[in-house]
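Chain by chain, the residues run as shown.
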Amino acid sequence: MQLAICDYPWTHFEVNNPNGDVTMCCDSPVVLGNVNSQTIEDIWNGDGYRSIRKAMLTRGAYDLCYPNCAVLKGSKSYQRLNWYKKLEPELELYKNALLNDEEIKAGNLVLKSLPRWVRFAYSYVCNLNCYHCYQKDIRAQNKALPEKFFAEIDSILKYLQVIFYFGGEPFMYEPAKRLMASWSENKHCRHFFISNATLLTDELFAMLNRINIGLFGVSLDAARESTYKLLRGNFWGRVVKNLQKIQELKARQGFPFFIAMTLNSQNIGEIEEFTDIALSLEAAPEIALVSNPASGFRESLTFQKKYLHFSGAALKEAYRQIENSLVKIRNKGGMPDSEIIYAHQVELLKAHEKFQNNLPLFIVYRNAIEPLIKRSGMIKTIARKIRSPLG
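To start, this report covers the structure provided alongside it. Computed from a predicted structure; not experimentally measured.

Definitions and cut-offs
- Residues numbered from 1 in each chain as written.
- Predicted model: local features only at pLDDT ≥ 70, side-chain atom pairs only at ≥ 80, totals over all residues.
- Heavy atoms only, no water.
- Helix = DSSP H or I, 4+ residues; strand = E, 2+ residues; numbered from the N terminus.
- Rg over C-alpha atoms; globule rule 2.2 N^0.38 Å.
- Buried < 20%, exposed > 50% of the residue type's maximum accessible area, 1.4 Å probe, protein only.
- Contact = heavy atoms within 4.5 Å.
- Phe/Tyr/Trp six-rings, centres within 6.5 Å; stacked < 30°, edge-to-face > 60°.
- Lys NZ or Arg CZ within 6 Å of the ring centre and 35° of its normal.
- Expected span 1.5 Å × (residues − 1).
- Right-handed = clockwise from strand over helix to strand, strands pointing away.
- Pairing = 2+ DSSP bridges.
- Salt bridge = Lys/Arg side-chain N within 4 Å of Asp/Glu carboxyl O.
- 1 Å grid on protein atoms, 1.4 Å probe; cavity = no way out; pocket = protein on both sides within 12 Å on 5 of 7 lines; lining within 4 Å.
- Points joined across faces, edges and corners; volume = space filled by probe spheres on them.
- Nonpolar A, V, L, I, M, F, W, Y, C, P; charged D, E, K, R; others polar.

1. Considering the overall build of the protein
Working step 1: Per the secondary structure count, the protein includes 18 helices and 9 strands.
Working step 2: Scaling as 2.2 N^0.38, a compact globule of 391 residues should have a C-alpha radius of gyration of about 21 Å, and the protein matches this with 21 Å.
Working step 3: Taking all 391 residues of the protein together, 54% fall into the buried category.
Working step 4: Taking contacts inside the protein between residues at least 6 apart in sequence as the whole, the part at least 24 apart equals 71%.

Encoded structure:
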């Protein structure tokens, strides 16, 4: 069987931790370098990247990557990078992408092309204290990326297809906002944002209107003001207004827009309401069974009992609401990622039900999803569909 090859070791440069560690994507734990002690150029063709490129070519994505990767499951189509082919060939972005494609096809381990995608978390500092956030303990260390990293980003702006602002809450960070404000050399680069939408101001919306947005995702975690207040605080009215402004921005620019809700015992009955809210805003709805962020055994059990215990009646109602939501999503059209994600949650919830709510969620993933991934028929189908995230 032909190996499924993910192109991210050749295209992506991600700094998802403010300690400066570099990975090829948000799901990979393999550290390829660190921007505090190395330059982007040194890391890009250093031992880490050369090794992971070789491993991808020899072992393939299903052996090397996280088995529940959304890209391997066929979603996150907005991450594909083949859109550069519609641009003017004289652009530096186009030339770099074309060279990169040629190097991927040749299986090169050392590249002359530069990263096409850069994602970074300047800091984990956030204005919220979400119940499920895995960053809480690290946030207390108050780490942030060095200024030299942003100077190096400035030097490769003209080659980038995507710059992805991550956090914490990215609209808190002055270096990130400076980067947004100064973007003029490469008007074709797409700017991706994941935000809680509580800090967006008229000034920031004016800035966003001047750049080329490629994705805007908002974490909401509720469909009712009372639930939102319980989980996130007194920002519901502000967030709803900002979601409407993002919808208006999308109408002008046409970027993918999604709204996400983690499923827990507090909001499990709001799935269809949440779907309705997202669709009314022309946003793709995304749901995900919340992960347990607790590090200690006792803390893990406490979290599990509070947020991951569902009655049989609650799960039955959740399945009904997911089924109804899928009908609405399909009728809306143009949201294949949401269809995949909603169907996937049924498998997770059924596995959670099978284990009677009382095992850490990683066991749910291991027992519900990995057997599906390992079925050869499914592997062949997915491999044909997503062999290259570049499309």
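2. Considering the packing of aromatic side chains
Working step 1: Per the counting criterion, the structure on display carries 23 aromatic pairs.
Working step 2: With 6.4 Å between their ring centres and 80° between their planes, Tyr 124 and Tyr 134 make a pair best called edge-to-face. A residue pair is termed long-range when its members are at least 10 positions apart, and Tyr 124 in the loop between β4 (117-121) and α6 (136-139) and Tyr 134 in the loop between β4 and α6 qualify at 10 residues.
Working step 3: Over the aromatic face of Phe 164 sits the side chain of Arg 119, whose NZ or CZ is 4.6 Å from the ring centroid.
Working step 4: The ring of Phe 166 carries the charged tip of Arg 119 above its face, separated from the ring centre by 4.0 Å.

3. Description of helix α14 (residues 312-332)
Working step 1: Here α14 spans 30 Å end to end across 21 residues, near enough to the 30 Å set by a 1.5 Å rise per residue.
Working step 2: When we look at burial in α14, the residues that qualify are Leu 315, Ala 318, Tyr 319, Gln 321, Ile 322, Ser 325, Leu 326 and Ile 329.
Working step 3: In this structure, the buried residues of α14 make contact with α12 (271-280), β9 (284-289) and α15 (336-354).
Working step 4: Gly 333, located one to two residues past α14, shows a positive phi value of around 80°.

4. As for the pairing of strand β7 (residues 213-219)
Consecutive residues of a regular strand have side chains that alternate between opposite faces of the sheet.
Working step 1: Burial of β7 is extensive: 6 of the 7 residues sit out of reach of the surface.
Working step 2: As for the winding sense of the linkage, the β-α-β connection from strand β6 (residues 190-195) through helix α9 (residues 202-210) to β7 is right-handed.
Working step 3: Across 4 bridges, the pairing between β7 and strand β8 (residues 257-263) is parallel. Within β8, the residue paired with Gly 217 across the bridge is Phe 258.

5. Focus on the pattern of salt bridges
Working step 1: This structure, assessed with the given rule, holds 17 salt bridges.
Working step 2: Residue Glu 14 pairs with Arg 119 through a salt bridge whose shortest N-O separation is 3.7 Å. Taken as a pair, Glu 14 in strand β1 (residues 12-15) and Arg 119 in strand β4 lie far apart in primary sequence, 105 residues in all. For the residue pair Glu 14 and Arg 119, the accessibility class agrees, reading buried in each case.
Working step 3: Note that Asp 221 and Arg 232 form a salt bridge whose closest N and O atoms lie 3.0 Å from each other. Of this pair, Asp 221 sits in the loop between β7 and α10 (225-231) while Arg 232 sits in the loop between α10 and α11 (236-253), and the two are 11 residues apart along the sequence.

6. Here's the deal with empty space enclosed by the protein
Working step 1: Using the criterion set out here, one finds 3 cavities of 30 Å³ or more in the structure.
Working step 2: In terms of lining, the second largest cavity is formed by Cys 6, Tyr 8, Met 24, Cys 25, Cys 65, Cys 69, Val 71 and Leu 72.
Working step 3: Of the residues in the lining of the second largest cavity, the class split is 8 nonpolar, no polar and no charged.

7. Quick word on the layout of surface pockets
Working step 1: Here the second largest pocket is characterised by a volume of approximately 520 Å³.
Working step 2: Every residue lining the second largest pocket is counted, 27 residues in all, and those nearest its centre are Ser 77, Tyr 78, Phe 255, Pro 256 and Phe 257.
Working step 3: Of all elements in the fold, only β7, α11, β8, β9 and α15 reach the threshold of two or more residues within the lining of the second largest pocket.
Working step 4: Split into classes, the residues belonging to the lining of the second largest pocket amount to 12 nonpolar, 8 polar and 7 charged.

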